[in-house]
Amino acid sequence: QVQLAESGGGLVQTGGSLRLSCAASGSIFSLNTMGWYRQAPGKQRESVAHVTSGGSTNYADSVKGRFTIARDNAKNTVYLQMNSLKPEDTAVYYCNLAQLVYSTQYDYWGQGTQVTVSS
């Protein structure tokens with residue numbers, strides 16, 4: 001099993017910044033992808049940004065140029081630096097870790113952290 005502990009959400013004004021952190025513990029394999037999803041009220045959960053254990057990243061178009069994802073493999077921790085925040089970034093942000101175990105993908109989720117951007 002894998003446990004994910006998130007931190008760093010909060011309330012910020014438009015144009016402000018926040019940094020989310022997610023520390024993973026438990027049965028973690030060396031090859032995995034960590035990332036962030038978000039879910040706004042009344043909307044489906046959507047992918048925000050991901051980073052592989054090799055350092056490859058990808059971002060949703062809506063956050064490119066504003067958000068930066070990074071990870072510390074030694075600490076099994078992923079970070080999401082969010083700059084130039086907009087009210088539409090308001091959502092619950094969930095950390096995710098995906099890894100292959102004997103050709104089967106397992107997904108683990110954090111409990112979620114609220115990010116609120118006021119206009």
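Note that the structure is a prediction, hence the values are computed from the model and not measured.

Asks: Looking at this structure, how should I read the pattern of salt bridges?
Replies: When their charged atoms lie close together, side chains carrying opposite charge are able to pair. Taken as a whole and assessed by the stated rule, the structure comprises 4 salt bridges. The residue Arg 38 makes a salt bridge to Glu 46 at a minimum N-O spacing of 2.7 Å. Residue Glu 46 is classed as partly exposed on the basis of its relative accessible area of 37%. Across the pair Asp 89 and Arg 38 runs a salt bridge, and its minimum N-O distance is 2.9 Å. One end of the pair, Asp 89, is in the loop between strand E8 (77-82) and strand E9 (91-101); the other, Arg 38, is in strand E4 (residues 32-39), and 51 residues separate them in sequence. The buried category is assigned to Arg 38, whose relative accessible area is 5%. Residues participating in the shared-partner salt-bridge network are Arg 38, Glu 46, Arg 66 and Asp 89.

Asks: What exactly am I supposed to notice about the pairing of strand E3 (residues 18-26) here?
Replies: The side chains of a regular strand alternate, first on one face of the sheet and then on the other. Note that strand E1 (residues 2-7) and E3 share 6 bridges and pair antiparallel. Its bridge partner lying in E3, Gln 3 is registered against Ser 25. Two elements, E3 and E8, share 6 bridges in a ladder whose sense is antiparallel. Looking at the pairing, Cys 22 lines up with Val 78 of E8.

Asks: I tried to follow the nonpolar core on my own but got confused; where do I start?
Replies: Side chains of a nonpolar character, in soluble globular proteins, are inclined to be buried together. Of all hydrophobic cores here, the largest spans 28 residues; its most connected members are Leu 4, Trp 36, Leu 80, Met 82 and Tyr 93. Counting residues per element, the ones that place at least two in this core are E1, E3, E4, strand E5 (46-52), strand E7 (67-72), E8, E9 and strand E11 (113-118).

Conventions used here
Residues numbered from 1 in each chain as written. Predicted model: local features only at pLDDT ≥ 70, side-chain atom pairs only at ≥ 80, totals over all residues. Heavy atoms only, no water. Salt bridge = Lys/Arg side-chain N within 4 Å of Asp/Glu carboxyl O. Buried < 20%, exposed > 50% of the residue type's maximum accessible area, 1.4 Å probe, protein only. Helix = DSSP H or I, 4+ residues; strand = E, 2+ residues; numbered from the N terminus. Pairing = 2+ DSSP bridges. Core = buried A, V, L, I, M, F, W, Y, C linked by side-chain atoms within 4.5 Å.

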